[in-house]
Amino acid sequence: MSALTPILSSPGWELLASLQARQETNPIPLRELGGALRASGVEAGLAAAVLTQLALREAARTKFGPVASHMVFTRDGLEQATRLVVAVRHAQRFRSAGATRVADLGCGIGSDALAIAGLGLDVLAVDIDPDAAGAAAVNLRDFEGSQVRLGDVMDLDIAELAAEGVDAIFADPARRTGASRGSARITNPEAWSPPLSAVLRLARTIDRVGVKVAPGIAYDVIPADWHAQWVSVGGSLVEASLWSPALAPEGRGRSCLLLDEAGAAHSLASPCGEAANVPAERVEVAPLGAIIAEADPAVIRSGLLARLAQRVGAGIVSDKIAYLTGDDLPDSPFYDRFEVLEVTNLRPKAIAAALRSRDAGAVEIKKRGADINPEDLRQSLKLRGGTKELTVIATRLEGRHRAVICRRLPANL
Ligand SMILES: C[S@@+](CC[C@H](N)C(=O)[O-])C[C@H]1O[C@@H](n2cnc3c(N)ncnc32)[C@H](O)[C@@H]1O
């Protein structure tokens, strides 16, 4: 029996709905709620399933917002699910390209499928895991044009899918190992399930294909004519995805898309017509200027740091170290800026003295190209009583390890 079974039918479903409503108006800790359920005679298996679902829904709010209260999750499924704001971006590509029925291959709990269905397209969602497929079926329950199938996508006949009206494909291969897919990440795209090459081949029959991939994907496995996009949300890198030409109105190449908490989007792309799989352009090294800037991870992973540097007239502080520097770097959504106050040896004593002389009571520590442990450094600084928060950037300048004492500049955008 699946862990979800008790809540997918009556009376479990109704119990979950009533407790969800109660938790939203008058929340009590889940442990107390568990005690109350047992005291009122609710069978232990059902009580555990309901409590697990309430906890997963709560955890899912960071990815799904209030929609989470109407969904069901498995633990693995939630961990691997695309956050809704990003899934909606995927779905928009399908709608803009005129797709009508999208096959979501390896749908998990159905986040991408839900976003696609939500934009009015039909979805055929397939997963090999009964719990994931069961959750996806519940999550897609309000969309008549959606169907969930339990099965191995490697057994699907692409020509049959096309004959069934599927005119676009989304795939999000599983990229973890272990019984419950544990925590180890698989870096080789051919060891993903399904393998990347198997997904890319589908585009020979159905030309609208999108695939979510690991952000660390090597550029040389990306088809030259496709578009690869790295996405960050609130400054954290969340995914990369590859889009066949029919789903890439921006044309071939690479881009990054930065979504902020307020819903604003900023993107930067490689030069028009450049192949998606060319190596990243080198960034020139420049002497340390009045400002150091830390680019968003999506800019760096997409290989667009040189493009950003050219745009703002910056260089990097040392070869292969992705801190930009210059005297006059403008405010930008693509990086955080720090005013350089002083440069010291990368030794706790020297750093602590510089910080104390500037009345620092708190410090944020960043590092690139320096083998330090920020937490150990923070402990050894023993800052007390100061009133300011400053930043220490541990890095390499002119071949030597250095600490750059900085002040974070506010973003005005
Ligand atoms: C990364 S998750 C998908 C997450 C999904 N996009 C979402 O946002 O909810 C990958 C899913 O692929 C499924 N999967 C892996 N290999 C498969 C196969 N050969 N056939 C069908 N499903 C598969 C796994 O069970 C897992 O649920």
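Cut-off values and rules
Residues numbered from 1 in each chain as written. Predicted model: local features only at pLDDT ≥ 70, side-chain atom pairs only at ≥ 80, totals over all residues. Heavy atoms only, no water. Domains from an automatic or database assignment. Salt bridge = Lys/Arg side-chain N within 4 Å of Asp/Glu carboxyl O. Nonpolar A, V, L, I, M, F, W, Y, C, P; charged D, E, K, R; others polar. Pairing = 2+ DSSP bridges. Helix = DSSP H or I, 4+ residues; strand = E, 2+ residues; numbered from the N terminus. Contact = heavy atoms within 4.5 Å. Polar contact = N/O pair within 3.5 Å; in protein donor to acceptor, adjacent residues only side chain to side chain. Near = heavy atom within 4 Å. Areas by Shrake-Rupley, 256 points an atom, 1.4 Å probe, with all protein chains shown as cover.

What follows deals with the domain arrangement of the protein chain. In terms of domains, the protein chain is made up of domain 1 (5-71), domain 2 (78-269) and domain 3 (291-408). On a C-alpha basis, the centres of domain 2 and domain 3 stand 36 Å from each other. The interface formed by domain 2 and domain 3 includes zero salt bridges. Taken together, the residues of the side of domain 2 that touches domain 3 break down into nine nonpolar, six polar and one charged.

Attention now goes to the pairing of strand E7 (residues 236-243). Each regular strand carries side chains that alternate between the two faces of the sheet. Bridge analysis of strand E5 (residues 209-213) against E7 gives four bridges, and the strand direction is antiparallel. Bridging from a neighbouring strand, Gly210 pairs with Trp243 of E7. The pairing of strand E6 (residues 227-233) with E7 spans seven bridges and is antiparallel. Pairing of Trp230 across the sheet is with Ala240, part of E7.

To continue, consider the environment of Ala403. For Ala403, the location among the structural elements is in strand E16 (residues 400-408). With 218 residues separating them in the primary sequence, Ala403 and Arg185 have C-alpha atoms 33 Å apart. In this view, Ala403 contacts Glu342, Val343, Thr344, Asn345, Leu346, Ile351, Val392 and Ile393; residues no more than four positions away in its chain are not counted.

This part takes up unusual backbone geometry. Trans peptide bonds make up most of the peptide bonds, and negative phi angles are found at most residues other than glycine. For the peptide bond that leads from Ser10 to Pro11, omega is 0°, which places it in the cis range. Looking at where Pro11 falls in the secondary structure, it is placed in the segment before helix H1 (12-25).

Where helix H13 (residues 374-381) starts, the residue carrying a side-chain oxygen 2.9 Å from the main-chain nitrogen of Glu375 turns out to be Asn373. Positioned one or two residues after H13, Lys382 has a phi angle of 50°, which is positive.

With that settled, consider the site of the ligand. Around the ligand, a shell composed of 20 residues is seen, among which Thr82, Asp127, Asp152, Asp172 and Ser193 lie nearest. Between the ligand and Thr82, the relevant distance is 2.8 Å, taken from an oxygen atom to a main-chain nitrogen or oxygen of the residue. Contacts to the ligand include Ile128, whose backbone N or O atom sits 3.1 Å from a nitrogen atom. Considered on its own, the ligand offers 600 Å² of accessible surface; in the complex 94% of this is hidden by protein.

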